[in-house]
Amino acid sequence: GENVEQHPSTLSVQEGDSAVIKCTYSDSASNYFPWYKQELGKRPQLIIDIRSNVGEKKDQRIAVTLNKTAKHFSLHITETQPEDSAVYFCAASIKAAGNKLTFGGGTRVLVKP
Amino acid sequence: GAVVSQHPSWVICKSGTSVKIECRSLDFQATTMFWYRQFPKQSLMLMATSNEGSKATYEQGVEKDKFLINHASLTLSTLTVTSAHPEDSSFYICSARSLAGAYTDTQYFGPGTRLTVL
């Protein structure tokens with residue numbers, strides 16, 4: 001089955017700096033790659049997603065890049081703010097397999113003011 | 001739009017009892033809902049896929065007789081933890097996929113249910 005690896009597991013950045021989280025996936029049939037932000041005790045919130053027909057997508061301070069050849073995708077957060085502190089999860093799914101999401105292990109991001 | 005609710009938000013029960021958790025899509029129809037379990041400081045692990053009008057599909061290692069799933073309508077799926085034990089204590093989260101719209105692969109998550117078994 002699909003396996004998703006996520007790095008780093010923790011990330012501490014100064015407010016205003018950029019944060020980058022990287023994920024790799026194992027199944028080349030994966031075609032949907034969402035990123036979720038989860039605050040303590042809360043639901044995962046979809047912050048951005050990308051599909052296999054594009055290489056990059058941006059939404060204000062957040063961007064995601066996808067390299068299908070290398071089977072990896074990354075989340076970029078620019079101009080980080082204290083409210084960006086949370087756990088971020090990447091995931092991958094295959095439409096033909098019922099769109100089941102396989103999650104990475106998560107990255108705990110701390111933005112220091 | 002795309003709001004998913006769960007009830008209850010937390011529950012404490014005695015060992016050996018059963019607990020039912022409801023997952024509802026409030027403003028959209030979902031033929032497919034998913035149930036996840038999340039232990040503290042860990043990632044989400046898919047337990048099962050719930051399909052409206054048919055049997056749920058369980059992931060490897062998940063006991064279907066212990067975690068009963070019913071998806072009776074396009075807006076409601078339930079997870080019943082039978083004969084709960086302390087090791088079943090966890091955060092249970094559901095998600096739902098919308099039937100409509102351009103992207104039916106997007107999953108929207110419920111707020112989760114924290115189960116504590118004494």
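My aim in this report is to walk through the structure given alongside it, one point at a time. Since this is a predicted model, take the numbers as computed values, not measurements.

## Here we look at the interface of chain A and chain B
Taken together, the 19 residues of chain A in the interface contact 23 residues of chain B. Buried surface at the junction of chain A and chain B, summed over both partners, amounts to about 1700 Å²; 52% is from carbon and sulfur atoms. Counting every contact that joins chain A to chain B gives 1 salt bridge. A:K100 is the partner of B:E59 in a salt bridge, and the nearest nitrogen-oxygen pair spans 3.0 Å. For the interface between chain A and chain B, the tally reads 10 residue pairs in polar contact (both at pLDDT 80 or more). For the side of chain A that touches chain B, the class distribution of residues is 7 nonpolar, 6 polar and 6 charged.

## Focus on the environment of A:V54
Mapped onto the elements, A:V54 comes out in the loop between β5 (45–51) and β6 (56–59). With 49 residues separating them in the primary sequence, A:V54 and A:F103 have C-alpha atoms 21 Å apart.

## A word on the pattern of salt bridges
All names here are of chain A. For the structure shown, the criterion picks out 7 salt bridges over all chains. Ionic pairing is found between D49 and R51, a salt bridge with its closest N-O pair at 3.9 Å. A relative accessible area of 13% means that R51 is categorised as buried. Where salt bridges share partners, they join D49, R51 and K57 into one cluster.

Conventions adopted
Residues numbered from 1 in each chain as written. Chains lettered and ligands numbered in written order. Predicted model: local features only at pLDDT ≥ 70, side-chain atom pairs only at ≥ 80, totals over all residues. Heavy atoms only, no water. Contact = heavy atoms within 4.5 Å. Buried area = accessible area lost by both parts, 1.4 Å probe. Salt bridge = Lys/Arg side-chain N within 4 Å of Asp/Glu carboxyl O. Polar contact = N/O pair within 3.5 Å; in protein donor to acceptor, adjacent residues only side chain to side chain. Nonpolar A, V, L, I, M, F, W, Y, C, P; charged D, E, K, R; others polar. Helix = DSSP H or I, 4+ residues; strand = E, 2+ residues; numbered from the N terminus. Buried < 20%, exposed > 50% of the residue type's maximum accessible area, 1.4 Å probe, protein only.

Treat this as a map of the structure, not an account of what it does.
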